[in-house]
Amino acid sequence: MRSRKWLWLVAVLVVLVSAGTYPLWTTWITGITQATNTSATTPQRHPLAADSRGSAAASSLATAQAIAQTQKKRPYRVELGTAVQLDVLTSETPYRDTLTSHFTSITPENALDFRWTEPGPGVYDFKAADDLVDFAVAHNMTVFGNGLVWYQAVPDWLKNGQYTRSQVIAILHDHIYTVMSRYRGRIDSWEVVNEALSNDGSALRDNFWLQKIGPDYIAMAFRWAREADPDATLYYNDYGAEMPGPKFEALYNLVTGLKKEGTPISGVGFQMHVNLSYLKPTMQGVSANFVRINSLGLKIRITEMDVRGLTGNGATQQQLDEQANLYGSMATLCMHTKACVALTVWGVTDKYTWIDALFHTEDRPLLFDRSYRPKPAFYAVRYALKTP
Ligand code: XIL
């Protein structure tokens, strides 16, 4: 009886193949595999989608490479991303090799910041951002767009320009529209508003946008972002809200309010700049916050993780292990939270961490050391992301 069933199955397959349907069902199977290997932030976008640069030759090459690359299997359900500095990418081969071998997603560290993409009123400069996005597409990496509405990225011409409220509204609208339209089809997820809450979460941050437009700037930015790209996943991003506490409550209230008003927000980014000796996130605490964000129907990303506090002449094995545990536990948590789609670290190598400039230290907060050797933290993350 059993062997008869098998005979039937083989016969049906032979008929299907000879009827020429083979390419159809292999495509179907490949489609399923690709869909499961691609994170939820990476809808099956058409590789030929919007390219407004007009550089046909360059973009068709990038497109051809993109098509070839998307056939490649993605290694993890959750994206492993990193912030990227274009100048280092173009000048240091090990940086480039480490990036392409181990990461699946890029966040431009500075290139998309408002002050660089619009250096003068209505004057746009996309050179650096284009290069990064092209690189990502050619290497089958996704890009997390950022820097649209962030108080630290406001250019001087705008800050000092004595513009009226309605002029600032028009400028911001034009900016969001121009930048997002340019990358439509190539950047599928955006941090629309970054760090709108005060340090302790007691109020909205008293920044340029709040002063000029008022609290509505946040909802406006999301609406314009949705207008500019109906398919993009739109995030609110902030720091210090990873663990339960006043900052998280403020974030939770902010995004709950946005959702209630029907603002098109799709997710929350937790920066996760943490420290080995304090600000230490625990799995239990972060997981409680993830659950609450998830219950609002929002996606989650860890957007800028680094773990500082390994200063001095050399990191001890104990410090490296503790750092690995912290990275590993956050990666595990993300893997086990369906809504969590990416873990991005804020730099490829300790050599170029922003932490050193900020705190005048020689710290070791990232996954690869100054000589691009993988640290215990890298193995911990990789293990966590590979474990279903
Ligand atoms: C930092 C960059 O790493 C630096 O190169 C830049 O000088 C300042 O900004 N939160 C954010 C990031 O959202 O954009 C910041 O990046 C780090 C803190």
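Everything discussed here concerns the structure shown above.
Small disclaimer: the values here were computed from a predicted structure and weren't measured. (Residues numbered from 1 in each chain as written. Predicted model: local features only at pLDDT ≥ 70, side-chain atom pairs only at ≥ 80, totals over all residues. Heavy atoms only, no water.)

Novice: Pulling in residues and values, what's your account of helix α5 (residues 93-102)?
Specialist: For α5, the full list of buried residues reads Tyr95, Thr98 and Leu99. Down the axis of α5, the sector holding all buried residues measures 100°, keeping them to one side. Residues of α5 that are exposed and point more than 90 degrees away from the buried face comprise Thr93 and Ser101. Those residues of α5 that are buried lie in contact with β1 (79-84), α4 (86-91), β2 (105-108) and α7 (127-138). (Buried < 20%, exposed > 50% of the residue type's maximum accessible area, 1.4 Å probe, protein only. Helix = DSSP H or I, 4+ residues; strand = E, 2+ residues; numbered from the N terminus. Arc of directions from axis to C-beta. Contact = heavy atoms within 4.5 Å.)

Novice: Talk me through the pattern of salt bridges; I want residue IDs and the actual numbers.
Specialist: One pass over the full model with this rule turns up 13 salt bridges. For Asp130, the salt bridge identified is with Arg182, shortest N-O distance 2.8 Å. Pair noted here: Asp130 is in helix α7 and Arg182 is in helix α9 (residues 165-182), with a separation of 52 residues, a long-range link. On the basis of relative accessibility, which here comes to 9%, the residue Asp130 falls in the buried class. (Salt bridge = Lys/Arg side-chain N within 4 Å of Asp/Glu carboxyl O.)

Novice: For the side chain of Thr303, give the residues involved together with the corresponding values.
Specialist: Position of Thr303 relative to the elements: it lies in strand β9 (residues 299-308). Taking relative accessible area as the criterion, Thr303 reaches 2% and is therefore assigned buried. A polar contact is formed between the side chain of Thr303 and the side chain of Asn237, at a distance of 2.8 Å. Leave out the neighbours within four places in its chain, and Thr303 touches Phe144, Asn237, Gly269, Phe270, Gln271, Thr344 and Trp346. (Polar contact = N/O pair within 3.5 Å; in protein donor to acceptor, adjacent residues only side chain to side chain.)

Novice: An account of the state of the cysteines is needed here, citing residue identities and associated values.
Specialist: Under the definition given, this model contains one disulfide. Across the disulfide, Cys334 is cross-linked to Cys340 (sulfur-sulfur distance 2.0 Å). Torsion about the S-S bond of the Cys334 and Cys340 cystine: about -90°, corresponding to left-handed handedness. For Cys334, a relative accessible area of 0% gives the class buried. (Disulfide = S-S within 2.5 Å.)

Novice: Give me the site of the ligand: which residues, what numbers.
Specialist: Contacts to the ligand come from Glu109, Asn110, Trp150, Asn194, Glu195, Gln271, His273, Glu304, Trp346 and Trp354. Here a nitrogen atom of the ligand sits 3.2 Å away from a polar atom, N or O, in the side chain of Glu195. Compared with its free state, where it exposes 410 Å², the ligand has 80% of that area covered by protein. Spatially, the ligand is embedded in the largest pocket. Its residues placed into classes, the shell around the ligand shows three nonpolar, four polar and three charged. (Near = heavy atom within 4 Å. Areas by Shrake-Rupley, 256 points an atom, 1.4 Å probe, with all protein chains shown as cover. 1 Å grid on protein atoms, 1.4 Å probe; cavity = no way out; pocket = protein on both sides within 12 Å on 5 of 7 lines; lining within 4 Å. Sits in = over half its atoms within 2 Å of the grid points. Nonpolar A, V, L, I, M, F, W, Y, C, P; charged D, E, K, R; others polar.)

Novice: Talk me through the layout of surface pockets; I want residue IDs and the actual numbers.
Specialist: Taken as a whole, the largest pocket holds about 740 Å³ of empty space. Put simply, the parts of the chain that give the lining of the largest pocket at least two residues each are β5 (189-194), β8 (273-275), β9 and α15 (354-359). With four residues, α15 is the single largest residue contributor to the lining of the largest pocket. (Points joined across faces, edges and corners; volume = space filled by probe spheres on them.)

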